[in-house]
Amino acid sequence: MNKRDTLLALMALGVSPVSAFAQQSGKVWRIGWLSTAAGPIDAHKAFREQLRSLGYIEGRNLSIEYRWAAGKDERLPEMAADLVRLKVDVIVAQASISVAVAKRASNTIPIVMSSVADPVGAGLVSSLARPGGNVTGSTSMSVELAAKRLQLLREILPKASRVAILTYKGGLTVPSFIAQIQAAARPMGITLVPQQLTQSGEFTGAFAAMRQERAQALIVQSSPFTQDHRQLITELAAQQRLPTILESRVFVDAGGLISYGPSLIETMRRNAHYVDKIFKGAKPADLPVELPTRFEMVINLKTAKTLGLTIPQSVLLRADEVIE
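Here the structure is a predicted model, which means the values were calculated and not measured. (Residues numbered from 1 in each chain as written. Predicted model: local features only at pLDDT ≥ 70, side-chain atom pairs only at ≥ 80, totals over all residues. Heavy atoms only, no water.)

Caption draft 1: Inspection of helix α5 (residues 96-105) at higher detail. Across the ten residues of α5, seven count as buried, placing the element largely inside the fold. Among all positions of α5, only Ser96, Ile97, Ser98, Val99, Ala100, Val101 and Ala102 are buried. (Buried < 20%, exposed > 50% of the residue type's maximum accessible area, 1.4 Å probe, protein only. Helix = DSSP H or I, 4+ residues; strand = E, 2+ residues; numbered from the N terminus.)

This is the structure:
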């Protein structure tokens, strides 16, 4: 039977050629997952489901080794070294610091970065078009979109003049993130109140400082650390009646006011395709870093009502989802 006949036979049986590739060798592919987060969020399900649709089934021909640092960055080097010792076929790393640690642990194992804000600025890839080395994946454009979130906040709160910025200090892109917002804030006459945290015990003090600095709103940079503490962030913001704009809808689901950024679910699906291409022999150096293709705006009207805010109709009409 030639290759054409084989493909036709597989299709007649309902087996896609893509799925057949994943199954034909009998190999169990191993993915190492490295993150500073405490554990998965709902979007991780999309990654596994997309892999399954590509023919990679956990327990049959796929194994995923998870390493969650739970906000303790000092654990990342040993976790990365452990994945290298296990000889995983690819490492999926979340956030810039996890990617950097994985890159130091191995310059040969392919690394797929997930939602890194500024991979070129963080020194993780040479360029988006030709990454070079063993790292590729997706960028969240967090830095580039920072100014747009401030502009969106100004539409909702036209009189706001003092805005707090909450970031995770360990993030490699924090300086460029703040610089982008600062550049947008100056012509608007907005003073920024930056708060950088390294551990959960610092949240209460950070919000106390926001109150003392008379912050009128809050912008949160998304990271595994801030996502892990999204419930605490939204609760403290509610206590101080701080309208909060965020990158990811998981914060809005937790009670934040509004989010604008790439779809995490779509990003996770795209990461699965990177893994598939690498399993099939593609080199990370030759796979361009993907920019987000789908952005979503989610507004929590229940939170707006609690804060006594009226969201302008022009903003509501642009929302992809409104939580009522």
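Still more ground to cover, so stick around.
Caption draft 2: Representation of the packing of helix α4 (residues 76-85) against α5 within the structure. It is at 9 Å that the axes of α4 and α5 come closest, and there the two elements cross at 50°. Between α4 and α5, the angle is such that the two are oblique. Between α4 and α5 lies a crossing whose hand is right-handed. Residue-level contacts link Leu76, Pro77, Ala80, Ala81 and Val84 of α4 to Ile97, Ser98, Val101, Ala102 and Ala105 of α5. Tallied by class, the residues present in the contact of α4 with α5 amount to nine nonpolar, one polar and no charged. (Axes fitted to C-alpha atoms, helices over the stretch in contact; angles between N-to-C directions. Parallel < 35°, antiparallel > 145°, perpendicular 65-115°, else oblique. Left-handed = near helix turned anticlockwise from the far one by under 90°. Contact = heavy atoms within 4.5 Å. Nonpolar A, V, L, I, M, F, W, Y, C, P; charged D, E, K, R; others polar.)

Caption draft 3: Fine view of the pattern of salt bridges. According to the stated counting rule, one finds 18 salt bridges in the structure shown. Here Asp89 ties to Lys27 by a salt bridge, and the two come within 3.3 Å at their closest N and O atoms. Note that Asp89 is positioned in the loop between α4 and β3 (90-94) and Lys27 in the loop between α2 (17-24) and β1 (29-35), a separation of 62 residues in sequence. Among the residues examined, Asp89 registers a relative accessible area of 22% and is labelled partly exposed. Its salt-bridge partner being Glu49, residue Lys45 comes within 3.9 Å of it at the nearest N-O pair. Of this pair, Lys45 and Glu49 both sit in helix α3 (residues 43-53), four residues apart, which is roughly one turn of the helix. Judged by relative accessible area, which is 45%, Glu49 ranks as partly exposed. Several salt bridges share partner residues, and in doing so they unite Arg30, Glu65, Arg67, Glu78, Asp82 and Arg85 into one network. (Salt bridge = Lys/Arg side-chain N within 4 Å of Asp/Glu carboxyl O.)

Caption draft 4: The arrangement of the sheet that holds strand β2 (residues 62-68) in detail. Strand order in the open sheet formed by five strands is β2-β1-β3-β4-β5, and the pairing between neighbours is parallel. On the outer flanks of this sheet lie β2 and β5 (135-139), each paired with one strand and no other. Within the sheet, the average angular offset between the axes of one strand and its neighbour, ignoring direction, is 20°. Pairing analysis gives seven bridges linking β1 to β2, with the strands arranged parallel. Directly across from Arg30, in β2, lies its bridge partner Ser63. (Pairing = 2+ DSSP bridges.)

Caption draft 5: Quick peek at the side chain of Ser35. Inspection of the secondary structure puts Ser35 in strand β1. A distance of 3.0 Å separates a polar side-chain atom of Ser35 from the backbone nitrogen of Ala37. Apart from residues lying up to four places away in sequence, Ser35 is in contact with Arg67, Trp68, Ala69, Leu76, Gln94, Ser98 and Pro224. (Polar contact = N/O pair within 3.5 Å; in protein donor to acceptor, adjacent residues only side chain to side chain.)

Caption draft 6: Highlighting the pairing of β3. Most of β3 is tucked away: five of the five residues are buried. The sheet contact formed by β1 and β3 spans four bridges and is parallel. Across the sheet, the residue bridging to Leu34 is Ala93, located in β3. Strand direction decides the pairing type here: β3 and strand β4 (residues 111-116), joined by four bridges, are parallel. Residue pairing across strands places Gln94 opposite Ser114, the latter belonging to β4. In this fold, β3 hands off to α5, which returns the chain to β4; that crossover is right-handed. (Right-handed = clockwise from strand over helix to strand, strands pointing away.)

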